[in-house]
Amino acid sequence: VADYVQGQAAAMGLESRRDRAGNVLIVRPGVGKGVVLQAHLDMVADKTPDSPSDPAVDPVSAVLRDGWLMSETTTLGADNGIGVAIMLALLGSGSRTLPPLECLFTVDEERGLVGAKSFPTEWLGYRRMINLDSEEENSICIGCAGGRDVGLFLNLEREARPAEVSMLRVEGLNGGHSGMEIHRGGANAIRLAAGICARLGLRLADFSGGTKHNAIPREAMAAVVGEVDPMRLEPMITAVRDEFSGVEKGISITVEPGEPRRPLTAESSARLLNLLSALPHGVSSMSPSVPGLVQTSCNLAIAAVEGDRAAVTMSVRSSLDSSRDELTDRILAVGRLAGCDTQTGEGYPGWKPDPASPLLALARRACREVFGSEPTVEAIHAGLECGVIGKRVGGMDMISIGPDIRDVHVPGERVRVESVASFTRMLTVLLESLA
């Protein structure tokens with residue numbers, strides 16, 4: 001993707017740079033004072049269980065439906081491909097009224113803001129930045145949460161002989177972005193599968209659930225010893241559907257025969273199920289100063305048995321470093337009680353809102369001019385590269401904006417075509433006011 005972006009720059013006759021990580025900077029001359037535009041090149045690649053697509057080699061299959069560009073069985077990559085596309089369009093614009101642009105294309109945002117943490121800060125000569133990684137037209141983001149991943153690793157023991165197993169599967173959940181969707185109270189497939197196994201007294205042979213640290217798990221599988229009594233399972237399925245009625249529409253909990261395999265010992269199975277049941281998931285606290293904003297949360301993101309070891313990934317978010325650290329310590333304590341080895345990532349900083357931002361004032365005026373109404377101004381409970389870039393560069397006046405995008409990080413992701421056009425008009429009006 002970085003090769004493609006640099007190829008576009010060369011075709012436009014524009015200067016570009018690239019660092020070892022793969023971050024790309026393209027510079028376009030203009031009039032007046034300059035501004036940084038920023039988007040990330042990577043996407044979350046996910047698909048439905050029945051999709052034949054292989055995200056490692058196959059292109060996205062997109063369709064236009066009711067004014068939305070979407071992919072039905074895979075993620076689309078509008079997060080953040082649409083921001084990249086808009087930046088390339090502006091770079092290739094023949095307009096003589098735009099300010100000088102420093103367009104920063106970062107890599108590996110979805111796996112921990114890696115590119116934002118590594119690009120040469122001397123690349124950026126301007127101290128005004130517009131991030132194009134938001135998902136709501138006529139809305140301006142001025143702050144975000146920081147975060148940290150936590151890894152828990154549990155050594156397991158297995159029986160010597162294989163046993164007959166049943167495959168218990170939890171599927172069809174909404175999932176979604178673990179920052180943007182955590183407040184909706186949807187189900188976590190890992191928690192559901194582990195809870196059912198624990199309450200039925202089942203012994204595990206294998207377990208897996210979740211695929212990405214920043215996505216709420218939609219699916220989980222537990223290979224359990226012997227058969228599962230349907231008379232005991234059905235009341236649990238009914239209870240789960242009742243608990244999440246109005247939130248989850250497609251919960252599927254099924255059991256089918258599996259291939260024989262060596263089961264975990266009773267002690268190892270109980271320890272893993274207790275761990276998955278005890279770990280927190282969901283909203284921990286709400287912001288006392290911003291109504292409706294989640295302040296601190298965590299996502300039980302990935303759990304997988306690999307041979308004789310279980311690996312669990314937790315993603316912690318908070319707008320307060322102290323709250324993030326307190327919740328991290330609580331997760332580590334649960335892990336230590338279960339006998340886990342633990343690991344914490346370096347994390348990333350939040351972005352403190354500045355309601356008095358001059359760039360915000362100009363963006364509000366541009367929104368009123370193009371959309372005909374006052375924009376929503378908000379902070380979000382998700383990580384944005386603004387936090388990292390602002391801390392590394394210093395003195396940055398920043399906002400984050402974007403067109404209408406829905407269902408990011410899950411199959412069915414879509415972007416509204418008309419919104420892309422109107423948003424680009426608004427962005428052009430804003431940029432011209434900065435010149």
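The rules behind these values
- Residues numbered from 1 in each chain as written.
- Predicted model: local features only at pLDDT ≥ 70, side-chain atom pairs only at ≥ 80, totals over all residues.
- Heavy atoms only, no water.
- Core = buried A, V, L, I, M, F, W, Y, C linked by side-chain atoms within 4.5 Å.
- Buried < 20%, exposed > 50% of the residue type's maximum accessible area, 1.4 Å probe, protein only.
- Helix = DSSP H or I, 4+ residues; strand = E, 2+ residues; numbered from the N terminus.
- Contact = heavy atoms within 4.5 Å.
- Pairing = 2+ DSSP bridges.
- Phe/Tyr/Trp six-rings, centres within 6.5 Å; stacked < 30°, edge-to-face > 60°.
- Lys NZ or Arg CZ within 6 Å of the ring centre and 35° of its normal.
- Patch = residues over 30% accessible without salt bridge, like charges linked within 9 Å, V, L, I, M, F, W, Y side chains within 5 Å.
- Areas by Shrake-Rupley, 256 points an atom, 1.4 Å probe, with all protein chains shown as cover.
- Salt bridge = Lys/Arg side-chain N within 4 Å of Asp/Glu carboxyl O.
- Axes fitted to C-alpha atoms, helices over the stretch in contact; angles between N-to-C directions.
- Parallel < 35°, antiparallel > 145°, perpendicular 65-115°, else oblique.
- Left-handed = near helix turned anticlockwise from the far one by under 90°.
- Nonpolar A, V, L, I, M, F, W, Y, C, P; charged D, E, K, R; others polar.
- Arc of directions from axis to C-beta.

J.: I would appreciate a short explanation of the nonpolar core in the present structure.
T.: Nonpolar side chains tend to gather and get buried jointly when the protein is soluble and globular. Counting residues in each nonpolar core, the largest one holds 50 residues, and the members touching the most others are L204, F207, L275, L279, V312 and I331. A per-element tally of this core places helix 4 (residues 189-200) first, with eight residues. With residues up to four places along the chain from it excluded, the contact list for F207 reads I190, A193, A194, M221, A222, L276, A303, A304 and V305. Grouped together as the second largest cluster of nonpolar side chains are 46 residues, A2, I130, L132 and F371 included.

J.: Help me understand the sheet that holds strand 4 (residues 63-65), please; the structure alone is not making it clear to me.
T.: Strands pair in a sheet through their backbones, by hydrogen bonds, and they do so in one of two ways: parallel or antiparallel. Taking strand neighbours across the sheet as the criterion, the four strands line up as 4-5-21-20 in an open arrangement whose pairing is antiparallel. The open sheet has two edge strands with one neighbour each: strand 4 and strand 20 (405-406). Relative to strand 5 (residues 68-70), strand 4 runs antiparallel, the two sharing three bridges. Bridge pairing links V63 to M70 in strand 5.

J.: Even after reading the chapter, I still don't get the packing of aromatic side chains, so can you show me in this structure?
T.: To describe a pair of aromatic rings, you give the distance between the ring centres and the angle between the ring planes. Using the criterion set out here, one finds zero aromatic pairs in the structure. Above the ring of F119, the side-chain terminus of R392 is found at 5.0 Å from the ring centroid.

J.: Can you walk me through a nonpolar patch on the surface in this structure?
T.: Taken together, the side chains of L64, L69 and V417 define a hydrophobic patch exposed on the protein surface, amounting to about 260 Å² of accessible area. Looking at the element boundaries, V417 is found in helix 10 (residues 417-434).

J.: Would you take a moment to explain unusual backbone geometry for this structure?
T.: Glycine aside, negative phi is the norm for most residues, and most peptide bonds take the trans geometry. Between D79 and the following residue, N80, the backbone shows a cis peptide bond with an omega angle of 5°. Assignment of secondary structure puts N80 in helix 2 (residues 78-91). Located in the positive-phi region is L113, a residue other than glycine, with phi close to 55°. A relative accessible area of 3% places L113 in the buried class. Notably, N138 is not glycine yet its phi reads approximately 60°, a positive angle. Along the chain, the position of N138 falls in the loop between strand 7 (128-131) and strand 8 (139-144). Using a relative accessible area of 13% as the deciding quantity, one classes N138 as buried.

J.: Help me understand the side chain of R324 in this model?
T.: In this structure, R324 sits in helix 7 (residues 321-337). R324 gets classed as buried once you look at its relative accessible area, which sits at 8%. For R324, the residues in contact, after removing those within four places along its chain, are G147, R148, V316, S318 and Y348.

J.: So what exactly am I meant to see when it comes to the pattern of salt bridges here?
T.: Pairing between side chains of opposite charge can happen when their charged atoms approach one another. Tallied over the full model, the rule gives 25 salt bridges. With its nearest N and O atoms 3.4 Å apart, the salt bridge here joins E256 to R169. With E256 in strand 13 (residues 252-261) and R169 in strand 10 (residues 163-171), the pair connects residues that are 87 residues apart, well separated along the chain. Residue classification places R169 among the partly exposed positions, given a relative accessible area of 25%. Put simply, E326 and R330 hold a salt bridge, and the shortest N to O gap is 3.2 Å. Of this pair, E326 and R330 are both found in helix 7, four residues apart, which corresponds to roughly one turn of the helix. In this structure R330 comes out as partly exposed when scored by relative accessible area, which is 37%.

J.: Sorry, what's going on with the packing of helix 4 against helix 6 (residues 266-278) here?
T.: The axes of two packed helices give the description: the angle between them and the distance between them. Where helix 4 meets helix 6, the axes come as close as 9 Å, and the angle between the chain directions of the two elements is 130°. Regarding the angle of helix 4 to helix 6, the classification is oblique. Helix 4 and helix 6 meet at a crossing whose hand is left-handed. The residues of helix 6 that touch helix 4, namely those facing I190, R191, A194, C197 and A198, are L273, L276 and S277. When its residues are assigned to classes, the contact of helix 4 with helix 6 shows six nonpolar, one polar and one charged.

J.: Looking at this model, I keep getting lost on helix 1 (residues 2-12). Mind explaining?
T.: Of all the residues in helix 1, the buried ones are A2, V5, Q6 and A9. The arc enclosing the buried residues of helix 1, seen along the axis, measures out at 95°, which places them on a common side. Projecting away from the buried face of helix 1 at angles above 90 degrees are the exposed residues D3, Y4 and A11. Looking at the buried side of helix 1, the elements it contacts are strand 1 (15-18), strand 2 (24-28), helix 2 and strand 6 (101-106). Following helix 1 by one or two positions, G13 has its phi on the positive side, about 75°.

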